[in-house]
Amino acid sequence: MPSSICVICGLSSFGLCLLFVVYFSKFHNWSRVKLSQSYETILVERRERVAIVTINRPDKRNALNIQTRAEGAAILDELREDDSVRVVVLTGAGDKAFIAGADIAEFATRTAIAQREVMLERSLFNAIDGFPKPIVAMVNGYCLGGGCEVALACDIRIASEKASFGQPEINLGIIPGGGGTQRLTRLVGEGKAMEMILTGEIIDAQTAFTIGLVNHVVAADQLETKTMEIANRIADKSPIALRLAKEAVKIASRSNLDEGLKREVDLFALCFSSEDKDEGVKAFLEKRKAEFKGK
Ligand code: COA
């Protein structure tokens, strides 16, 4: 499906032609994705149709420095072009943090102009938001500041009971700048978002679940199992329908109801141009499981 039809995701990597190869490991049915570039701060692994992207700076609680942001966006550009990847899971290395926010050390000497330039470059947050395939955040620990904003840009959030969430930027004399004031507010409502952003309070996973910030909270040793269960269930669906469904849902928070309903009709009708729709309907009538090919 050409990315030009998608208003949300057609902006960034249209025309990209990247070469990469997938090879399978002998262990636990895992495979390592061989990307066309090498990355230092992020790991990518495969389990069948799911790619697991791990921010790998555990000594710094996976804080996002410029390099990590750039590598994250570049990896997503590569994964979007790989038809064998149906779903991405995003997580942090180690057992302490998902992502503890922007790398505060980088703020120390940065001027306002330099900071603006950094933020106007294609951001990791926008790369996640515009990613056409489902992205699930597997939140294993501190999910703070830019880390919370990364999770918010994902489609679904699964948290370990040991995870904690917050927008503590106010404690540094700044405000969320990775979409937190907008996405958090849309997700949990103005009152809860305002309290988190104005107080900088860190909330536990159960509270995050109660206010609708995360979809599920599970025991730490069940986090991967639960996340993979959901990711695999999604990976079984038609990639075309998933992409159009994502686009339709995202329109809901970006337009008014009438416009959103009109766009939904267009995207619904577009599904009828796919072989996957024929297969889905046929499989139902033949009482068998559909095999979607993404065509
Ligand atoms: N930016 C840069 N470095 C960070 C970081 C961040 N956001 N979060 C953690 N680190 C670094 C620490 O400076 C420390 O580095 P050092 O070992 O070289 O001194 C290392 O990660 C471990 O952090 P530490 O505070 O010792 O770990 P902890 O487990 O006791 O506490 C946190 C973890 C996340 C609660 C704490 O590090 C923290 O509050 N971080 C900042 C969170 C934040 O304000 N994020 C929003 C940024 S806009």
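In this convention, every chain numbers its residues from 1, walking through the sequence in written order. It should be noted that, the model being predicted, local features are given only for residues of pLDDT at least 70 and side-chain atom pairs only at 80 or more, the latter also being counted only at that level, while totals for whole chains, interfaces and linings use all residues.

## Describing the overall build of the chain
So, step 1. Each helix corresponds to a stretch of at least 4 residues labelled H or I by DSSP, and each strand to a stretch of at least 2 residues labelled E; elements are numbered beginning at the N terminus. Scanning the chain from N- to C-terminus turns up 11 helices and 12 strands.
So, step 2. Three exposure classes are used. Buried residues have 20 or more other C-beta atoms within 10 Å of their own C-beta, exposed residues have 12 or fewer, and partly exposed residues fall in between, all C-beta atoms being placed from the backbone. Within the chain, the fraction of its 295 residues that count as buried is 39%.
So, step 3. Residues are defined as contacting one another if the C-beta atoms placed from their backbone atoms lie within 7 Å. In the chain, of all internal contacts separated by at least 6 residues, the share reaching a separation of at least 24 is 67%.

## A closer look at the sheet that holds strand β6 (residues 97–99)
So, step 1. By this definition, two strands are paired if DSSP reports at least two bridges between them. With respect to topology, 4 strands assemble into an open sheet ordered β6-β8-β10-β11, the strand pairing being mixed. Edge positions in the sheet fall to β6 and β11 (203–204), since each of these pairs with one other strand and no more.
So, step 2. The pairing of β6 with strand β8 (residues 142–144) spans 2 bridges and is parallel. Paired with Ile-99 across the two strands is Cys-143, which belongs to β8.
So, step 3. To get an axis, a line is fitted to the C-alpha atoms, and for a helix only the part in contact is used. The angle between two axes follows their N-to-C directions and goes from 0 to 180 degrees. Along the sheet, helix α4 (residues 146–153) makes contact with β6, β8 and β10 (164–166), crossing β8 at roughly 90 degrees.

## So, helix α8 (residues 223–235)
So, step 1. Multiplying one less than the number of residues by 1.5 Å gives the expected span of a helix. For α8, spanning 13 residues, the distance from its first C-alpha to its last is 18 Å, which sits close to the expected 18 Å at 1.5 Å a residue.
So, step 2. For α8, every residue scored as buried is listed here: Leu-223, Thr-227, Met-228, Ile-230, Ala-231 and Ala-235. Looking down the long axis of α8, one finds its buried residues gathered within 165 degrees of arc, a one-sided arrangement. Of the residues in α8, the exposed ones pointing more than 90 degrees away from the buried face are Thr-225, Glu-229 and Arg-233. The arc in question is formed by the directions pointing from the helix axis toward the C-beta atoms.

## A few points about the pairing of strand β3 (residues 42–47)
A regular strand carries its side chains on alternate faces of the sheet.
So, step 1. Sheet topology places β3 next to strand β4 (residues 50–55); 6 bridges connect them, and they run antiparallel. Bridge pairing in β4 links Leu-43 to Thr-54.
So, step 2. In textbook terms, the turn of a hairpin is the stretch between consecutive antiparallel strands, and for β3 and β4 this stretch comprises 2 residues, one of which, Glu-48, has a positive phi near 50 degrees.

## Section: the environment of Leu-76
So, step 1. Structurally, Leu-76 can be placed in helix α1 (residues 66–80).
So, step 2. Taking the C-alpha atoms as reference points, Leu-76 and Gly-130, 54 residues apart in sequence, are found 9.8 Å from one another.
So, step 3. Among all residues touching Leu-76, those that are not within four sequence positions of it are Ala-127, Ile-128 and Phe-131.

## Details of the nonpolar core
So, step 1. By our criterion, buried Ala, Val, Leu, Ile, Met, Phe, Trp, Tyr and Cys residues that link up through C-beta atoms within 7 Å make up a nonpolar core. Counting residues in hydrophobic clusters, the biggest one holds 61 residues, and the most contacted among them are Ile-128, Val-136, Val-139 and Cys-143.
So, step 2. Sequence-distant contacts of Val-139, that is, excluding residues within four places in its chain, are made with Phe-98, Ala-151, Arg-157, Ile-158, Ala-159, Ser-160, Ala-163 and Val-214.

## Points about the packing of helix α9 (residues 239–252) against helix α10 (residues 257–271)
So, step 1. Following both chains from N to C, one finds α9 and α10 inclined at 175 degrees, their axes separated by 9 Å at the closest point. Between α9 and α10, the angle is such that the two are roughly antiparallel. Residue-level contacts link Ile-240, Ala-241, Leu-244, Glu-247, Ala-248, Ile-251 and Ala-252 of α9 to Gly-260, Arg-263, Glu-264, Leu-267, Leu-270 and Cys-271 of α10.
So, step 2. Per-class residue counts for the contact of α9 with α10 are 9 nonpolar, 1 polar and 3 charged. Throughout, the term roughly parallel applies to angles under 35 degrees, roughly antiparallel to angles over 145, roughly perpendicular to angles from 65 to 115, and oblique to all others. Residues are grouped as follows: Ala, Val, Leu, Ile, Met, Phe, Trp, Tyr, Cys and Pro are nonpolar; Asp, Glu, Lys and Arg are charged; every other residue, Gly included, is polar.

## So, unusual backbone geometry
So, step 1. Despite not being glycine, Arg-61 shows a phi value in the positive range, around 50 degrees.
So, step 2. If you trace the backbone, Arg-61 turns up in the loop between β4 and α1.
So, step 3. For Arg-61, a count of 21 C-beta atoms within 10 Å translates into the label buried.

## A few points about the pairing of strand β7 (residues 135–139)
So, step 1. Extensive coverage of β7 is indicated by the burial of 5 of its 5 residues.
So, step 2. Two strands pair when backbone bridges link them, and strand β5 (residues 87–92) and β7 are joined in this way by 3 bridges, in the parallel orientation. Residue pairing in the sheet places Val-89 in a bridge with Val-136 of β7.

## Observations regarding the confidence of the model for the chain
Parts of the prediction with low pLDDT should not have their coordinates interpreted in detail.
So, step 1. Per residue, pLDDT captures the predictor's confidence, and it can take any value from 0 to 100. Residue-level pLDDT values for the chain average 89, and 88% of them are 70 or greater.
So, step 2. Ignoring residues within four places in sequence, the model shows residues 1–31, a span with pLDDT below 50, making 53 contacts including any to other chains.

## Here we look at the environment of Lys-246
So, step 1. Relative to the assigned elements, Lys-246 resides in helix α9.
So, step 2. Not counting residues within four places of it along the chain, the set of residues in contact with Lys-246 comprises Pro-132, Pro-134 and Asp-155.

## So, the packing of α4 against helix α5 (residues 180–188)
A pair of packed helices is captured by two measures, namely the crossing angle of their axes and the spacing between those axes.
So, step 1. The contact between α4 and α5 brings their axes to 10 Å, and the two run at 55 degrees. Viewed along their axes, α4 and α5 adopt a mutual orientation that is oblique. Handedness of the crossing formed by α4 with α5: left-handed. On α5, the residues that touch Cys-148, Glu-149, Leu-152 and Ala-153 of α4 are Gly-180, Arg-183, Leu-184 and Leu-187.
So, step 2. A class-by-class count of the residues in the contact of α4 with α5 yields 5 nonpolar, 1 polar and 2 charged. Definitions for this section: a left-handed crossing has its near helix turned counterclockwise from the far helix by less than a right angle. A right-handed crossing has that turn clockwise.

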